[in-house]
Amino acid sequence: MTLKNTDQRWGAISQLFHWLIVVLILVMAYLGLTMGDLPNGPRKIDIYALHKSIGLTILALVVLRVLWRVYAGAPAPVPGTPTWQQRIASVTHVLLYALLVAIPLSGWVLNSSAGYPLQWFKLFNLPAITGRNDGVHEAAEGAHELLFWVLVVLVVAHAAAALYHHLFQGDATLTRMLPGRRKAIASAPPSPTPQDSPDEIV
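Novice: Looking at this structure, I do not really get the packing of aromatic side chains. What am I missing?
Specialist: Any pair of aromatic rings gets described here by the distance separating the centres and the angle formed by the planes. For the structure shown, the criterion picks out five aromatic pairs. With 5.4 Å between their ring centres and 50° between their planes, Trp-68 and Tyr-71 make a pair best called tilted. Here the residue Trp-68 and the residue Tyr-71 both occupy positions in helix H2 (residues 42-72), the gap between them amounting to three residues, near one helical turn. Relative accessible area serves as the criterion here: at 19%, Trp-68 is assigned to the buried category. Its end group placed over the ring of Tyr-71, Lys-4 keeps NZ or CZ at 4.7 Å from the ring centre.

Structure (structure tokens):
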């Protein structure tokens with residue numbers, strides 16, 4: 001497997017970005033849906049801090065992934081894919097990238113407008129995007145939640161489309177984002193053995 005993308009499949013770097021972001025999104029979804037019900041205390045503070053740190057990590061990874069895609073390109077559409085499906089896939093990818101930038105940024109605004117410090121895994125502080133403001137805080141909170149659910153819908157649709165292509169279309173839409181070598185298109189013919197030669201003297 002090559003590091004860069006090819007016409008047939010995504011390279012190792014793109015695959016690493018993709019699956020790492022997927023895992024982090026799943027962790028973030030779990031934390032975001034459960035941390036509000038935790039009792040007040042040090043553990044809740046730590047979980048919220050972890051949520052923020054992972055969100056910042058996703059933001060950085062998405063920016064790096066977009067830059068890598070600009071540099072390394074993208075595979076050509078799978079042969080036989082209708083034009084309308086290609087367009088939907090392109091729009092979906094753009095929306096996913098936009099949401100994965102907008103959601104962490106809305107969380108950053110949410111945190112800043114509440115007047116809380118923002119740290120990345122307790123290693124360093126990041127500057128506030130806005131000053132403390134209850135109106136901005138309420139708007140950012142609503143936007144953060146709404147954008148998350150839009151992301152959920154798009155991710156489910158994206159995964160369902162990939163599975164549909166894999167299970168029912170039998171094409172490489174899913175497998176070219178999975179690790180592994182491509183199968184050889186054709187095997188070399190076996191070398192003739194002495195027994196196969198018609199001129200062999202018995």
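Novice: Is there a simple way to think about the environment of Thr-92 in this case?
Specialist: Counting through the fold element by element, Thr-92 comes out in helix H3 (residues 83-113). Taking C-alpha positions, Thr-92 is 7.5 Å from His-158, a pair spaced 66 residues apart along the chain. Dropping the residues within four chain positions of it, Thr-92 is found in contact with Leu-154 and His-158. A polar side-chain atom of Thr-92 sits 2.8 Å from the main-chain carbonyl oxygen of Ile-88.

Thresholds, definitions, all that
- Residues numbered from 1 in each chain as written.
- Predicted model: local features only at pLDDT ≥ 70, side-chain atom pairs only at ≥ 80, totals over all residues.
- Heavy atoms only, no water.
- Phe/Tyr/Trp six-rings, centres within 6.5 Å; stacked < 30°, edge-to-face > 60°.
- Helix = DSSP H or I, 4+ residues; strand = E, 2+ residues; numbered from the N terminus.
- Buried < 20%, exposed > 50% of the residue type's maximum accessible area, 1.4 Å probe, protein only.
- Lys NZ or Arg CZ within 6 Å of the ring centre and 35° of its normal.
- Contact = heavy atoms within 4.5 Å.
- Polar contact = N/O pair within 3.5 Å; in protein donor to acceptor, adjacent residues only side chain to side chain.

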